[in-house]
Amino acid sequence: MNLPPLVPPLKCQGIKTKLAGEIKRLADSQEFDRWIEPFCGSCVVALNVQPKRALLSDSNIHIIRLYQEIQSGDLTPASAKAFLVEEGEKLRTIGEPHFYAVRERFNARPTSLDFLFLNRSCFNGVMRFNRHGKFNVPYGHKPERFAQAYVTKITNQIGRIAEVISVCDWTFAVADFRQTLASAQPGDFVYADPPYAARHVDYFNSWSEADETELGNRLKQLPCPFILSTWHSNEFRTNAMIEQNWNDPRFHLLTREHFYHVGSTEDLRHPMIEALITNFPAKPAQWEHEEAEQLAFMERPAKEYSA
Ligand SMILES: C[S@@+](CC[C@H](N)C(=O)[O-])C[C@H]1O[C@@H](n2cnc3c(N)ncnc32)[C@H](O)[C@@H]1O
């Protein structure tokens, strides 16, 4: 029986909650001592793969600080609950001006609790920072956001992930992907989920085709197995970088349709085909019934998708 995925307390664009099970299935087919994730984001994949040892890094200091504080016990379910109840009550009575007061406070002196509050009450749960690194997502217009049930849900999420982290040897680090990948050794396993080029560009997410190609070259030189997440196509276009970087029999491409719920514009909400690229033979999931068929990845040769 498949357990529901463990859900992290943070939401972000490109969150891989729906792919975590498939990524775990592929990772479980390989032996490794340490999991490396250079673009860990919400950490939903690591939280569901649950490797004993891991290096989880991201360029976004606010994400990493929050996980470091959960790990150290500085941020607990109880402290999050007390904070969200108090700030949630202010949001309920004061409304929009309170959201912007917290945003201003966070941008002057960032704290993990303010980050959590903003992440869960901003428009569509988007995580976006301006070019000066200031959080700039507008209010989500839900003054009742932090009702008791919602606060309980968030604090339970923090509690469950604190439990997972406490029994694992995980390091959270603020780092550029180049630095993280440089530390990979034989015996490691890399899962790379970079921003999608030309989407969600911001302070922590300025991702170009040159970055994509450099990442591809660095992955190809790794001494260990890897999975790369990328987008394959949507109704408007196909990702030409797949053909350009990965059309080689050493690499394997699996695809699956995936719908993004986190997106600030209609454009970001169109269904898109997700792709996973591996440097080890990756078998598609066994299809047992029709429902599983819809969810299963399909292996396709990279060249079938030339633009
Ligand atoms: C698509 S998101 C990862 C989502 C994550 N897999 C999840 O499921 O939540 C990409 C992440 O890459 C980070 N990032 C962007 N540029 C980076 C860089 N040069 N080095 C490291 N991390 C970077 C962003 O901050 C963002 O969290």
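Here's what I pulled together on the structure shown here. Within each chain, residues carry numbers counting from 1 in the order of the written sequence. Thresholds applied to this predicted model are a pLDDT of at least 70 for local features of residues and 80 or more for the giving and counting of side-chain atom pairs; totals over whole chains, interfaces and linings are not thresholded and use all residues.

## Things to note about the overall build of the protein
Under the scheme used here, helices are H or I runs from DSSP no shorter than 4 residues and strands are E runs no shorter than 2 residues, and both carry numbers assigned from the N terminus. Counting its regular elements, the protein contains 11 helices and eight strands. Counting every position in the protein, which comprises 307 residues, the buried fraction comes to 41%. Note on contacts: residues are paired as contacts if their backbone-placed C-beta atoms lie within 7 Å. Across the protein, the fraction of contacts at a sequence separation of at least 24, relative to all contacts at a separation of at least 6, is 71%. Each residue is classified by how many other C-beta atoms fall within 10 Å of its C-beta atom, where C-beta atoms are placed from the backbone; a count of 20 or more means buried, 12 or fewer means exposed, and values in between mean partly exposed.

## Quick look at the packing of helix H4 (residues 77-94) against helix H5 (residues 96-108)
In the contact formed by H4 and H5, the axes pass within 6 Å of each other and the chain directions differ by 135 degrees. With respect to each other, H4 and H5 are oriented oblique. Of the residues in H5, those in contact with Glu87, Lys90, Leu91 and Ile94 of H4 are Pro97, His98, Phe99 and Val102. Its residues assigned to classes, the contact of H4 with H5 comprises five nonpolar, one polar and two charged. Comment: axis = line fitted to C-alpha atoms, over the contacting stretch for helices; angle = value between 0 and 180 degrees taken between N-to-C directions. Our angle categories are set so that under 35 degrees counts as roughly parallel, over 145 as roughly antiparallel, 65 to 115 as roughly perpendicular, and the remainder as oblique. Residue classes follow a fixed rule: Ala, Val, Leu, Ile, Met, Phe, Trp, Tyr, Cys and Pro count as nonpolar, while Asp, Glu, Lys and Arg count as charged, and any other residue, Gly among them, counts as polar.

## Considerations on the site of the ligand
The local shell around the ligand holds 21 residues, among which Gly14, Lys16, Phe39, Gly41 and Ser42 are the closest. Across the shell around the ligand, the residue classes break down as 11 nonpolar, six polar and four charged. In this analysis, residues qualify as near a molecule or strand once their C-beta atom, positioned from backbone atoms, comes within 6 Å of it.

## With respect to the environment of asparagine 156
As for its position among the elements, asparagine 156 is in helix H7 (residues 148-166). In this structure, the C-alpha to C-alpha distance between asparagine 156 and lysine 81, residues 75 residues apart in sequence, is 9.5 Å.

## Thoughts on the pairing of strand E7 (residues 272-278)
With six of seven residues buried, E7 is to be regarded as a mostly interior element. Here strand E5 (residues 226-234) runs beside E7; their pairing, made up of seven bridges, is antiparallel. Counted as the bridge partner of serine 233 is isoleucine 273 from E7. Pairing between two strands is assigned when DSSP locates at least 2 bridges connecting them.

## Overview of the nonpolar core
One recurring pattern in soluble globular proteins is that nonpolar side chains are buried together. In this description, a nonpolar core means buried residues of the types Ala, Val, Leu, Ile, Met, Phe, Trp, Tyr and Cys, linked to one another by C-beta atoms lying within 7 Å. With 72 residues, the main nonpolar core has Ala46, Leu56, Leu66, Val190 and Ala192 as its most contacted residues. Two domains each donate at least three residues to this core, and these are domain 1 (20-59 + 175-305) and domain 2 (71-161). If we ignore the near neighbours within four places in the chain, the residues touching alanine 46 are Trp35, Glu37, Cys40, Pro51, Ala54 and Leu56. Just so you know, the domain bounds were taken from an automatic or database domain assignment.

## Some words on helix H9 (residues 209-220)
Under the convention used throughout, the expected extent of a helix is 1.5 Å for every residue step, that is, one less than its residue count. Its 12 residues give H9 an end-to-end C-alpha distance of 16 Å, which sits within 8% of 16 Å, the value for a rise of 1.5 Å per residue. Looking at the buried side of H9, the elements it contacts are helix H8 (177-182), strand E4 (188-192), E5 and helix H10 (240-246).

## Side note on the packing of H5 against helix H6 (residues 112-121)
Closest axis-to-axis distance for the H5/H6 pair is 10 Å, and the angle between their directions is 140 degrees. Judged by the inter-axis angle, H5 sits oblique to H6. Helix-helix and strand crossings are classified by hand; for H5 and H6 the assignment is left-handed. Where H5 abuts H6, its residues Phe99, Val102, Arg103, Arg105 and Phe106 lie against Asp114, Phe115, Phe117, Leu118 and Ser121. A class-by-class count of the residues in the contact of H5 with H6 yields six nonpolar, one polar and three charged. In this scheme the crossing of two helices becomes right-handed for a clockwise turn of the near helix relative to the far one and left-handed for an anticlockwise turn of less than a right angle.

## Some remarks on the environment of glycine 14
Tracing the sequence through the fold places glycine 14 in the segment before helix H1 (20-28). The class of glycine 14 is buried, set by 23 C-beta atoms lying within 10 Å.

## Some details on unusual backbone geometry
Most peptide bonds adopt trans geometry, and most residues besides glycine take a negative phi value. Not every positive phi belongs to a glycine, and cysteine 43 is a case in point at roughly 70 degrees. Note on placement: cysteine 43 falls in the loop between strand E1 (34-37) and helix H2 (44-49). Accessibility expressed as a C-beta count within 10 Å gives 28 for cysteine 43, which makes it buried. With phi around 50 degrees, glutamine 50 is a residue other than glycine that occupies positive phi space. The topology assignment puts glutamine 50 in the loop between H2 and strand E2 (53-58).

## A look at the pairing of E2
Burial of E2 is extensive: five of the six residues sit out of reach of the surface. Two elements, E1 and E2, share three bridges in a ladder whose sense is parallel. Paired with tryptophan 35 across the bridge in E2 is alanine 54. Handedness of the β-α-β unit built from E1, H2 and E2 comes out right-handed. Seen with its strands pointing away from the viewer, a crossover is right-handed when the path leading from the first strand over the helix to the second is clockwise.

## Let's talk about H5
Taking 1.5 Å as the rise per residue, H5 with 13 residues should run 18 Å; its terminal C-alpha atoms sit 19 Å apart, in good agreement. Buried residues of H5: His98, Phe99, Val102 and Arg103, and no others. Down the axis of H5, the sector holding all buried residues measures 140 degrees, keeping them to one side. Facing away from the buried side of H5 by over 90 degrees, the exposed positions are Pro97, Tyr100, Glu104 and Ala108. Summarising the contacts, the buried residues of H5 are in contact with H4 and H6. Here, the arc refers to the directions that run from the helix axis to the C-beta atoms.

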